[in-house]
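Descriptive structure summary
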Amino acid sequence: MKPTLLAALVLLAALPAHAFPGGIVGLADIGCTDCHSAQGAVPPAVTIEGPISVEPGAESTYRVVVRSNAVATQIAAGFNLAASVGELLIDGGSGIRLAENRVTRRNELTHTGPRENDANGEAAWSFRWRAPSSAGPALLFAAGNSVNFDLDSEGDADALAMLAVQVGADATPTPTATPAPACAGDCDGDGGVAINELILAVNIALGAPVAGCPAIDTNGDGEVAINELIAAVGRALSGC
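Small disclaimer: the values here were computed from a predicted structure and weren't measured.

What counts as what
Residues numbered from 1 in each chain as written. Predicted model: local features only at pLDDT ≥ 70, side-chain atom pairs only at ≥ 80, totals over all residues. Heavy atoms only, no water. Helix = DSSP H or I, 4+ residues; strand = E, 2+ residues; numbered from the N terminus. Buried < 20%, exposed > 50% of the residue type's maximum accessible area, 1.4 Å probe, protein only. Contact = heavy atoms within 4.5 Å. Pairing = 2+ DSSP bridges. Axes fitted to C-alpha atoms, helices over the stretch in contact; angles between N-to-C directions. Disulfide = S-S within 2.5 Å. Core = buried A, V, L, I, M, F, W, Y, C linked by side-chain atoms within 4.5 Å. Phe/Tyr/Trp six-rings, centres within 6.5 Å; stacked < 30°, edge-to-face > 60°. Salt bridge = Lys/Arg side-chain N within 4 Å of Asp/Glu carboxyl O.

Describing the side chain of Thr110
By secondary structure assignment, the location of Thr110 is in strand β7 (residues 106–111). Look at Thr110 and you get buried, because its relative accessible area is 0%. With residues up to four places along the chain from it excluded, the contact list for Thr110 reads Gly22, Gly23, Ile24, Val25, Phe79, Asn80, Gly95, Ile96 and Arg97.

What follows is the structure in structure tokens.
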């Protein structure tokens, strides 16, 4: 057996059964704890950077950034990103691959391999997103995982991020102000706003019945506008 092949087999044998160095999809709304265990590690700060207002059909560049809050131990990172609508795009050599989420039947983004942090303790990936051809709200959401690079699944911590984007003009008329519910976007009334609730809110904004989540319709006009989605995102990030 050639030495290089032997070394590769030894490396594969050292990986835990649930480790995926190349990244997987379907975790952007729930996080990475199915495969990784924080074991007391400090969660990173995950952000999605890019324009929050685009024209229908336009392509825009975004970045997903995983910033370690424990630089001494968390030295690399990976991610999974999805979009509620539109099309995710990548360039060759970007360290990102497209893979189909078999539940949603839509392509998502993930890393081709863990990316080491830069001098600021950040690992970042650039990608493009093509907006849908019709106006309306959209949501980009991601899970970022900060890892210690020890070929084990323990000591790795994750966090979630969301970015609400308005595609085209917001055609919803300005309604008469009414008292907002205690927690905008808390569809199930559990005192928090999860990503699945934000996705439901986006679907309502695109035409699904408001009855599916009355808490997102903060002004009671029977419709969901981008400002209501942004309010829900704020609740998801800071709590009710």
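On we go.
Concerning the sheet that holds strand β3 (residues 59–67)
Pairing within the open sheet is antiparallel, and its 4 strands lie in the order β1-β3-β9-β5. Strands with a single pairing partner mark the edges of an open sheet, and in this sheet they are β1 (45–49) and β5 (87–89). On average, each strand axis in the sheet is tilted by 30 degrees relative to the strand beside it, whichever way the strands run. The pairing of β1 with β3 spans 5 bridges and is antiparallel. Within β3, the position partnered with Ile48 by the bridge is Val64.

Some remarks on the state of the cysteines
Scanning the entire structure with this criterion turns up 2 disulfides. Disulfide pairing places Cys183 opposite Cys240 at an S-S distance of 1.7 Å. Disulfide Cys183-Cys240: torsion about the S-S bond near -45 degrees, hence left-handed. Within this pair, whereas Cys183 is found in the loop between β11 (157–167) and α2 (195–205), its partner Cys240 is found in the segment after α3 (226–238), the two being separated by 57 residues in sequence. Assessed through its relative accessible area of 8%, Cys183 is described here as buried. The partly exposed category is assigned to Cys240, whose relative accessible area is 46%.

Considering the nonpolar core
Across soluble globular proteins, nonpolar side chains show a tendency to be buried alongside one another. If you look at the biggest cluster of nonpolar residues, it comprises 27 residues, and the most contacted ones within it are Tyr62, Val64, Leu81, Trp125, Phe127 and Trp129. Within the residue set of this core, elements represented by two or more residues are β1, β3, β4 (76–83), β9 (122–130), β10 (136–147) and β11. With 5 residues, the single largest contributor to this core is β11. Residues Ala82, Phe141, Cys183 and Ile216 belong to the second largest nonpolar core, which totals 22 residues.

Examining the packing of aromatic side chains
In the structure shown here, the tally under the stated rule is 3 aromatic pairs. Both rings, one in Tyr62 and one in Phe127, keep their centres 6.0 Å apart while their planes meet at 20 degrees; by these two values the pair is stacked. Taken as a pair, Tyr62 in strand β3 and Phe127 in strand β9 lie far apart in primary sequence, 65 residues in all. Each of the two residues, Tyr62 as well as Phe127, counts as buried. Arranged with centres 6.2 Å apart and planes meeting at 75 degrees, the rings of Tyr62 and Trp129 form a pair that is edge-to-face. Taken together, the residues Tyr62 in strand β3 and Trp129 in strand β9 connect sequence positions 67 residues apart.

Thoughts on the pattern of salt bridges
Applying the stated criterion to the full structure yields 6 salt bridges. Where Arg63 meets Glu49, a salt bridge forms, and the shortest distance between an N and an O atom there is 3.1 Å. One end of the pair, Arg63, is in strand β3; the other, Glu49, is in strand β1, and 14 residues separate them in sequence. When its relative accessible area of 31% is taken as the criterion, Arg63 is described as partly exposed. Among the ionic pairs, Arg130 bridges to Glu59, the shortest N-O distance being 2.6 Å. Taken together, the residues span a long stretch of sequence, with Arg130 in strand β9 and Glu59 in strand β3 at a distance of 71 residues. The exposure class of Arg130 is partly exposed, given its relative accessible area of 29%.

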